[in-house]
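# Understanding the architecture of this molecule
The chain contents come next:
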Amino acid sequence: MLKRFWLWLGRLLGKLMLVLLVIGLGGWGIGSAYYSWKFSGPVSSEEQIPANEAAYTQGIIEDAIRVVEQHRENTRVLRDAHAKAHGCVRAEVTVQPDLDSDLRHGVFSEPGKTWQAWMRLSNGNAYPQFDRVRDARGMAIKLLEVPGAKLLNSPRNSQEQDFVMFNHPVFFVRDVAEYKSNFAAQADGKKVLAFFPSWDPRSWEIRHLIIALKTLSPAPQSPVENTYNSIAPFKLGPHNIKYRVIPAPENCPSYTVATPNTGLPNFLRSALYQQLSLDRVPACFALQVQRQNPDYYMPIEDPSVEWDESISPFETVADIRLPAQDFDSAQQNLLCDNLAFNPWHALPEHRPIGGINRLRKAVYEAVSVYRHERNAASGQ
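On a predicted model such as this, the values are computed, not experimentally measured, just so you know. Every chain is numbered independently, its residues counted from 1 as its sequence is written. Totals for whole chains, interfaces and linings use all residues, but because this is a predicted model, local features are given only for residues with pLDDT of at least 70 and pairs of side-chain atoms are given and counted only at 80 or more. As a convention, hydrogens and water are excluded, and side-chain values are obtained from all of the structure's heavy atoms.

This paragraph deals with the overall build of the protein. Secondary structure counts use DSSP, requiring at least four H or I residues in a row for a helix and at least two E residues in a row for a strand, with both numbered from the N terminus. Helix and strand content of the protein: 7 helices and 9 strands. Three labels apply to residues, based on accessible area from a 1.4 Å probe with only protein chains included: buried if under 20% of the type maximum, exposed if over 50%, partly exposed otherwise in between. In the protein, which comprises 380 residues, the share counted as buried stands at 47%. For this analysis, residues touch if any pair of their heavy atoms sits within 4.5 Å. Partitioning the intrachain contacts of the protein with sequence separation of at least 6 by distance along the chain shows that 77% fall at a separation of at least 24. Only the protein chains shown count as cover for residues, with accessible areas throughout obtained via the Shrake-Rupley method and a probe of 1.4 Å. Approximately 18,900 Å² of the protein is accessible, and the part contributed by carbon and sulfur atoms is 58%.

Moving on, we come to helix α6 (residues 330-338). Residues of α6 that are buried include every one of Q332, C336 and D337, and no others. Axial view of α6: buried residues confined to an arc of 145°, hence all on one face. In α6, those exposed residues whose orientation departs by more than 90 degrees from the buried face are A330 and Q331. In this description, one arc is meant: the one made by directions from the helix axis to the C-beta atoms.

This paragraph deals with the pattern of salt bridges. A pairing counts as a salt bridge when a side-chain nitrogen of Lys or Arg comes within 4 Å of a carboxyl oxygen of Asp or Glu. What the rule picks out here adds up to 15 salt bridges. Among the ionic pairs, E315 bridges to R291, the shortest N-O distance being 2.9 Å. Taken together, the positions of E315 in strand β9 (residues 315-322) and R291 in strand β8 (residues 283-291) put the pair 24 residues apart, joining distant regions of the chain. A residue is classified by how much of its surface remains accessible, and E315, at 23% relative accessible area, is partly exposed. By relative accessible area, which is 19% here, R291 ends up buried. Taken together, the shared-partner salt bridges connect E47, E53, E301, R351 and R358 into one network.

What follows deals with the nonpolar core. Considering soluble globular proteins, one finds that nonpolar side chains tend to be buried as a cluster. What makes a nonpolar core is a set of buried Ala, Val, Leu, Ile, Met, Phe, Trp, Tyr and Cys residues whose side-chain atoms join them at distances within 4.5 Å. Membership of the largest hydrophobic core comes to 37 residues, with the highest contact counts inside it found for F108, M119, I141, I320 and L322. The residues touching F108, leaving out its near neighbours within four places in the chain, are V95, L99, L103, F163, L236, Y243, L287, V317, A318 and H350. Counting residues in hydrophobic clusters, the runner-up holds 22 residues, among them A136, F172, V176 and L359.

Another aspect to go through is a nonpolar patch on the surface. There is a patch of nonpolar side chains on the surface, built from L13, L16, M17, V19, L20 and I23 and spanning about 590 Å² of accessible area. Within the secondary structure layout, L20 lies in helix α1 (residues 2-38). Patch building starts from residues that exceed 30% relative accessible area and form no salt bridge, then joins like charges within 9 Å and nonpolar side chains (Val, Leu, Ile, Met, Phe, Trp, Tyr) within 5 Å.

Within the secondary structure, E92 is located in strand β1 (residues 85-95). Taking relative accessible area as the criterion, E92 reaches 27% and is therefore assigned partly exposed. Once the C-alpha coordinates of E92 and T114 are considered, the two residues, 22 residues apart in sequence, prove to be 6.4 Å apart. Not counting the four nearest positions on each side in its chain, E92 is found in contact with T114, W115, Q116, D319, I320, R321 and P323.

Secondary-structure assignment places E178 in helix α3 (residues 176-187). The class of E178 is buried, set by a relative accessible area of 9%. Aside from chain neighbours lying at most four places away, what touches E178 is F172, V173, E205 and H208.

Our next topic: the packing of aromatic side chains. We call Phe, Tyr and Trp rings a pair once their centres come within 6.5 Å, taking the six-membered ring for Trp, and we label the pair stacked below 30 degrees between planes, edge-to-face above 60, and tilted otherwise. All chains considered together, the criterion is met by 8 aromatic pairs. Ring centres of F171 and F172 lie 4.7 Å apart, and the angle between their planes is 45°; this geometry places the pair in the tilted category. Each ring, one from F196 and one from W204, has its centre 5.5 Å from the other, and the planes form 80°; the classification is edge-to-face. You can call F196 partly exposed: its relative accessible area is 25%. Linked through ring pairs, F108, F163, F234 and Y243 together constitute an aromatic cluster. Note on criteria: charge over ring means Lys NZ or Arg CZ within 6 Å of the ring centre, with the direction from the centre no more than 35 degrees off the ring normal. The ring of W115 is capped by K113, whose NZ or CZ atom sits 4.6 Å from the centre of that ring. Taking NZ or CZ as reference, R244 lies 4.0 Å from the ring centre of F314, over its face.

Here we take up the pairing of β1. The buried count for β1 comes to 8 of 11 residues, which makes it a mostly enclosed element. Should DSSP find at least two bridges between two strands, the strands are taken to pair. Where β1 lies against strand β2 (residues 114-123), 9 bridges are found, and the strand directions are antiparallel. By the bridge assignment, R90 is partnered in β2 with W118. Pairing of β1 with β9, which is carried by 4 bridges, proceeds in the antiparallel orientation. If you follow T94 over to β9, its bridge partner there is D319.

Now for α3. Counting along an α-helix, one turn takes 3.6 residues, and residues three or four places apart therefore face a common direction. Each residue after the first adds 1.5 Å to the expected span of a helix. Here α3 spans 16 Å end to end across 12 residues, near enough to the 16 Å set by a 1.5 Å rise per residue. Residues of α3 that are buried include every one of V176, E178, Y179, N182, F183, A184, A185 and A187, and no others. For α3, the side-chain oxygen to backbone nitrogen distance between the N-cap and A177 is 3.4 Å, and the N-cap itself is D175. Following α3 by one or two positions, G189 adopts a phi angle in the positive range, close to 75°. Distance and chemistry together define a polar contact, namely a pair of N or O atoms within 3.5 Å, with one atom able to donate a hydrogen and the other to accept it when in protein, and with adjacent residues in sequence counting only for side-chain atoms on both sides.

Purely spatial values, then, with no claim about function.
Written out as structure tokens, the structure reads:
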């Protein structure tokens, strides 16, 4: 009797597993066919601005200020994202000496030119947490003494050109409207509603949830081992492009990063300090661009879609070198905290484009002004 029961239960479970497998494969096939149809070209090479974008942007600014207030550290107001830095280090950005003439625009107009810069390496979360926690990792570069009128009329940043990136090729929202819904849910502490805003399955953002989970990646052994992406597109003269920065160890003396002690809360800072400050070994990267081909599905307004590298490969426009240096001092850490990075701190030849970049212009500036005013008022 018991034997027959177990045989019956085994057959039932086997059939159930088979049904689930068929449903899963069918769903995957339908999803693949749908996105193959949806993500097909051609696309526009011009920006398309929704009428209600300004209202959504104002709401996001209010939510961002709520977030920085929630994550205050004693009396100091932190950033609304990428609050924890592994370090701000001096960098040298050298334009490729044989750069294609078609890419010689803005800060890349003079082959062989070396720009002095600051580079900030960070975790993505709005609250400083242990480095071993899965998280996005960020890189921001600020070129110094860059002449010419900038897109933002800010005397403080009038000689700067910024590049802002993080370590995933795509973003987990498609536009400003979805960002408003997603960010408001997170600010309210209701993270599950960020991708499931209602009971209606048509409002669920499963693909974007998967992107968000992939973005929260395990920590590398060192911040210099990551690839960093602009995600959103930019102009480069007449071109629509995306940026990325990749490690280029072949351009520096050979160096092996020691296996980190992941039990330490700040082991990524320690790895950077070990290489640049103790071992006095520089680190190298390559700054690259990928041009839009509008005949294929490379949209400007949807940063959740990765531009196909097999159609439009990345091209190196500059080399980045972090020289051996001492950076982990109280004075430099305070300088790092006070640096404001914004992709709109830029020459017109590098104008940010697309909805997420238009959002950044307003939110970054509003949060930066609020944070600096609050910190100055508190004497921090």
